[in-house]
Amino acid sequence: MYSKEVTVQNHVGLHARPATFFIQKALEFRSSIWVERDDRCVNAKSLLGVLSLGIVGGTRIRILAGGADEEAAVEGLVALVDSGFAEP
């Protein structure tokens, strides 16, 4: 299992559009991927799961993955979150 913490950079957080980008990126990997906020952990490949976390700008989340490409999965998703999803 590989994990990393990251702070959501865009102001509105993971609303529908950036959450969709996040999930599309997660689906590129074979590993099981999870997103954790506070004490809740959801499947990173589930739109409803990710939206249910209510992640807003400035929120610190942990991305976890387990599987053959776990490190690439976590690093790819962290890079996407760090980019702010190309939002102003």
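Residues numbered from 1 in each chain as written. Predicted model: local features only at pLDDT ≥ 70, side-chain atom pairs only at ≥ 80, totals over all residues. Heavy atoms only, no water.

**Quick look at the environment of F85**
Here is step 1 of the chain: Examined against the element boundaries, F85 turns out to sit in the segment after α3 (70-82).
Here is step 2 of the chain: Since its relative accessible area comes to 3%, F85 is described here as buried.
Here is step 3 of the chain: Considered as a pair, F85 and V35 are 50 residues apart in the sequence and their alpha carbons are 17 Å apart.
Here is step 4 of the chain: Leaving out residues up to four positions away in the same chain, F85 has contacts with N10, L14, R17, P18, F21, F22 and L80. (Helix = DSSP H or I, 4+ residues; strand = E, 2+ residues; numbered from the N terminus. Buried < 20%, exposed > 50% of the residue type's maximum accessible area, 1.4 Å probe, protein only. Contact = heavy atoms within 4.5 Å.)

**Brief notes about unusual backbone geometry**
Here is step 1 of the chain: Despite not being glycine, D38 shows a phi value in the positive range, around 55°.
Here is step 2 of the chain: Tracing the chain through its elements places D38 in the loop between β2 (32-37) and β3 (40-43).

**So, the side chain of T59**
Here is step 1 of the chain: Secondary-structure assignment places T59 in the loop between α2 (47-52) and β4 (60-66).
Here is step 2 of the chain: Taking relative accessible area as the criterion, T59 reaches 10% and is therefore assigned buried.
Here is step 3 of the chain: A polar contact of 2.7 Å, which involves the side chain of T59, links it to the backbone oxygen of V56. (Polar contact = N/O pair within 3.5 Å; in protein donor to acceptor, adjacent residues only side chain to side chain.)

**Here we look at the pairing of β3**
Here is step 1 of the chain: Both β2 and β3 contribute to a ladder of 4 bridges, which runs antiparallel. Counted as the bridge partner of W34 is N43 from β3.
Here is step 2 of the chain: Linkage of β2 to β3, two consecutive antiparallel strands, is achieved through a turn of 2 residues, within which D38 is found at a positive phi near 55°. (Pairing = 2+ DSSP bridges.)

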